[in-house]
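Spelled out from the first residue to the last, the chains are:
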Amino acid sequence: MTEKQSCPTCESVRDVELTEQEETVAIKGRDVRFKARMYRCTTCGEEFETPEQLDMNLEAAREVYARLFEAPSPEQLVALRARYNASQKAFGMILGFGELTVNGYEHGAEPDSTNRLLLKLAENPAIFKAMYDINSSRIGALQRQRIESSDAFRSSESWKGLEAIASALTQVQRAKIEECAECYSMTILETVREYVSAGSFEDYSSLVMHPTYSSGSVSILAPKAGQTLAMGIQAAS
Ligand SMILES: [Zn+2]
């Protein structure tokens, strides 16, 4: 896709391509590394940012800074805990905090850097699940039931160990895999494993990127013509 922008070096409107560069900026004395989006002039090779891109890049840097160095707000912590349907006490136990620690944080006490990291990691359902597996015996049966039935917790089961792939997929692609898994009565993990082990991730990506989907068809995510998946599903012809 070719775009045209005014190149500051050529001082003329040129064809440009969108590029992404890793950049480091200092915010409040800390180095923050982030991906900056900019244009590259296809004529002179100059890379430049439009005012809109500059704003977006600053915002991206600020986001990285907040993620790395700022304590989560009480509201964010309440929201995180709510995703797992956990009581303050149970949530604290799972993360390895004291009984009253989460209550303190939700009332404005600032977590130290270790606990801040644990809270950050707990946003990832797969990691939360790992913490839960270690500490769930410390909480009551009712709390376990509530947590295990939360959507966030259950998503850890579905995509466990597949974080990198899951994050590389769009919502639509994920939905298709889920649907596929359901119609073959396989787990998400089994479904994805089949595709990943059958070929490279690129092959897998292109399969999900160009699905020949029609309702009730077995060709969602179907392997290339002639290939047969290990579990014996025939490619739709
Ligand atoms: Zn130029």
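From a predicted model like this one, the values you see are computed outputs, not experimental measurements. (Residues numbered from 1 in each chain as written. Predicted model: local features only at pLDDT ≥ 70, side-chain atom pairs only at ≥ 80, totals over all residues.)

1. Notes on the sheet that holds strand 1 (residues 3-7)
(1) Moving on: The antiparallel open sheet is built from 4 strands, whose spatial order is 1-2-3-4. Edge strands, defined here as strands with exactly one partner in the open sheet, are strand 1 and strand 4 (47-48).
(2) Moving on: Here 5 bridges tie strand 1 to strand 2 (residues 12-27), and the two strands are oriented antiparallel to one another. Each residue of the ladder has a partner; that of Gln5, found in strand 2, is Arg14.
(3) Moving on: In the packing of helix 1 (residues 51-69) onto the sheet, the strands contacted are strand 2 and strand 3 (30-41), and the crossing angle to strand 3 comes to about 155 degrees. (Pairing = 2+ DSSP bridges. Helix = DSSP H or I, 4+ residues; strand = E, 2+ residues; numbered from the N terminus. Contact = placed C-beta atoms within 7 Å. Axes fitted to C-alpha atoms, helices over the stretch in contact; angles between N-to-C directions.)

2. Quick word on the pairing of strand 2
(1) Moving on: Burial runs low along strand 2: only 1 of the 16 residues are buried.
(2) Moving on: Direction of pairing for strand 2 relative to strand 3: antiparallel, over a ladder of 12 bridges. Within strand 3, the residue paired with Ala26 across the bridge is Asp31.
(3) Moving on: The turn linking strand 2 back onto strand 3 is made up of 2 residues, and Lys28 within it adopts a positive phi angle of 45 degrees. (Buried ≥ 20, exposed ≤ 12 C-beta atoms within 10 Å, placed from the backbone.)

3. Things to note about the confidence of the model for the protein
(1) Moving on: The predicted model of the protein averages 78 in pLDDT, with 73% of residues at 70 or higher.
(2) Moving on: Note on residues 199-203: pLDDT under 50 across the span, and 2 contacts to partners over four residues away in sequence or across chains. (pLDDT = per-residue confidence, 0-100.)

4. Here we look at the environment of Cys41
(1) Moving on: Looking at the element boundaries, Cys41 is found in strand 3.
(2) Moving on: Taking the C-alpha atoms as reference points, Cys41 and Pro8, 33 residues apart in sequence, are found 9.3 Å from one another.
(3) Moving on: For Cys41, the residues in contact, after removing those within four places along its chain, are Cys7, Thr9, Cys10, Arg14, Val16 and Glu46.

5. Concerning helix 3 (residues 88-95)
(1) Moving on: In terms of residue burial, helix 3 counts as a mostly covered element, since 6 of its 8 residues are buried.
(2) Moving on: Taken residue by residue, helix 3 has Ala90, Phe91, Gly92, Met93, Ile94 and Leu95 as its buried positions.
(3) Moving on: Each element contacted by the buried residues of helix 3 is listed here: helix 2 (74-83), helix 4 (101-106), helix 5 (113-121), helix 6 (125-135) and helix 7 (141-148).
(4) Moving on: Two residues or fewer after helix 3 comes Gly96, characterised by a positive phi angle close to 85 degrees.

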